[in-house]
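# Analysis of the macromolecular model
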Amino acid sequence: MEASVTAGQAGRGAGADEVRAVLLAGGEGRRMGPLGTGRLKPLIPFGGTSRLIDFSLANARRSGLSEVLLLSQYEEQRLMDDLHQVWNSSRGFRVHFGPYDEAYRRLPADELPEKLPEPGGPRERGTADAFLHKAAHVFGGRPSEILILHADHVYRFDYRDMLREHRASGAALTLAYQRIERRYVHLFGMVEFDAGGNLTNFVEKPAEPSSDLVFAAFCVFDSACLQRYLERLDGTDWQHDISRDVIPAMLAGGERIRGHLVRGHWEDIGTVDRYLRAHLALLADPPTLPLDRMPLTIRPEVPRRFLSSAAGVRSSLVPSDVRNAGLVERCVLFPGVRIGEGATVRDSVLLPGAEVPAGARIDASIVLEDGSVQPVGPDRPEDASARTCPGIG
């Protein structure tokens, strides 16, 4: 584990309760097809080393935060059980489970509580509902800032500079953004700033983009300001969403909103097509993410990067226990994969324990743990152009 500092050291020296990091992890993964069937989207394997949710948690730990509050409702205990065993077994960092946290704190990481009660209250309709339903845990203790993270974003980032800039500016909100090719802006939230760096326009998935800047979907709110706008919107005709409702309301209300440029790679894994593209981007030279610094939660080793055709593998990421009797080209393999004699696999991702039968031909696909093959194509018309998008970063 990397050296940790208190959250207060990220800015104006104070206790760790100054920053409340919250992780939104409620997606069912319906757009992921068979890849999302029978598993929670945050726990979908990624990069041969980890799961989607592990990136934001690793970033938080690396940034010196000692705790992240989980905001989830869909199959919540299943997710909490996993995160408790994977992330709460070491000192200095843990995932907080809101109203269920005490049940987990009583047990070591290798033990789990009995079945917990189902979450009460109305069904969550959007990201803002997660904050309202668990307001006591989000705003309790009066944190000065709320750092919002997501469970399906793949990136490596230290939040400390962003927190420092936010505090120095006195802004109500600082949001992360990136510059991309304008033809891809319609897939994201578009942002525009004035010459002083203040947000002037925010449009979710614009039909006709007027900017090449997009919201990278993690941000720092002044805690009191966020709570005030949530309470003001609650009960109105709204979409119950942070991006579609809260940020536009703050902008219309004259709140000062600043941007923080994200220079490294960032990817929102929203569809299976983007999932495959993000994996193939790991094979670039240099890769979109440093392979030796990715979260290691599936197995504590970095996959070997083959550049030649040695051992029947070319331009692929392969763990040490893979058994290959065929040809693997431009692929990412997870631990326990088996490739049968004479099989050819190209431009694909093979999940843990997947077996490819002898003589098989697989191209641009996801091979699931049970060996079934999910061919990958544009999921929706808006994703057709994204197949050849060079990636954000």
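Attention shifts here to the nonpolar core. Counting 79 residues, the largest nonpolar core has Phe131, Leu175, Phe218 and Phe221 as its most contacted members. Looking at which element gives the most residues to this core, the answer is strand S11 (residues 213-222), with nine residues. When sequence neighbours within four positions are dropped, the list of residues in contact with Phe131 reads Val22, Leu24, Leu71, Val138, Phe139, Ile146, Ile148, Leu226, Leu230 and Ile242. Counting residues in each nonpolar core, the second largest holds 26 residues, with Leu52, Val154, Val272 and Val349 among its members.

Running from N to C, helix H1 (residues 53-62) and helix H2 (residues 76-87) point in directions that differ by 45 degrees, and their axes come no closer than 13 Å. Regarding the angle of H1 to H2, the classification is oblique. Crossing of H1 against H2: the hand is right-handed. On H2, the residues touching Ile53, Asp54, Leu57, Ala58 and Arg61 of H1 are Leu79, Leu83 and Trp87. A per-class count over the contact of H1 with H2 returns six nonpolar, no polar and two charged.

What follows deals with the packing of aromatic side chains. Considering all chains together, one arrives at 13 aromatic pairs under this definition. Ring centres of Tyr177 and Phe193 lie 4.8 Å apart, and the angle between their planes is 40 degrees; this geometry places the pair in the tilted category. You can see Tyr177 sitting in strand S8 (residues 173-179) and its partner Phe193 sitting in strand S9 (residues 189-193), a full 16 residues away along the chain. Taking the relative accessible area as the measure of exposure, Tyr177 reaches 15% and is therefore buried. An aromatic cluster is defined as three or more aromatic residues linked by ring pairs; in this entry it consists of Tyr155, Phe157, Tyr159 and Phe218. Over the ring of Tyr229 we find Arg232; its NZ or CZ atom is 4.6 Å from the centre of that ring.

Remark: helix H7 (residues 223-233) packs on helix H8 (residues 242-252), axes separated minimally by 10 Å, with the N-to-C direction vectors making an angle of 110 degrees. By the angle between their directions, the pair H7 and H8 is classed as roughly perpendicular. Facing Cys225, Leu226, Tyr229, Leu230 and Leu233 of H7, the residues of H8 in contact are Ile242, Asp245, Val246, Ala249 and Met250. Its residues assigned to classes, the contact of H7 with H8 comprises nine nonpolar, no polar and one charged.

Calculation rules
- Residues numbered from 1 in each chain as written.
- Predicted model: local features only at pLDDT ≥ 70, side-chain atom pairs only at ≥ 80, totals over all residues.
- Heavy atoms only, no water.
- Core = buried A, V, L, I, M, F, W, Y, C linked by side-chain atoms within 4.5 Å.
- Buried < 20%, exposed > 50% of the residue type's maximum accessible area, 1.4 Å probe, protein only.
- Helix = DSSP H or I, 4+ residues; strand = E, 2+ residues; numbered from the N terminus.
- Contact = heavy atoms within 4.5 Å.
- Axes fitted to C-alpha atoms, helices over the stretch in contact; angles between N-to-C directions.
- Parallel < 35°, antiparallel > 145°, perpendicular 65-115°, else oblique.
- Left-handed = near helix turned anticlockwise from the far one by under 90°.
- Nonpolar A, V, L, I, M, F, W, Y, C, P; charged D, E, K, R; others polar.
- Phe/Tyr/Trp six-rings, centres within 6.5 Å; stacked < 30°, edge-to-face > 60°.
- Lys NZ or Arg CZ within 6 Å of the ring centre and 35° of its normal.

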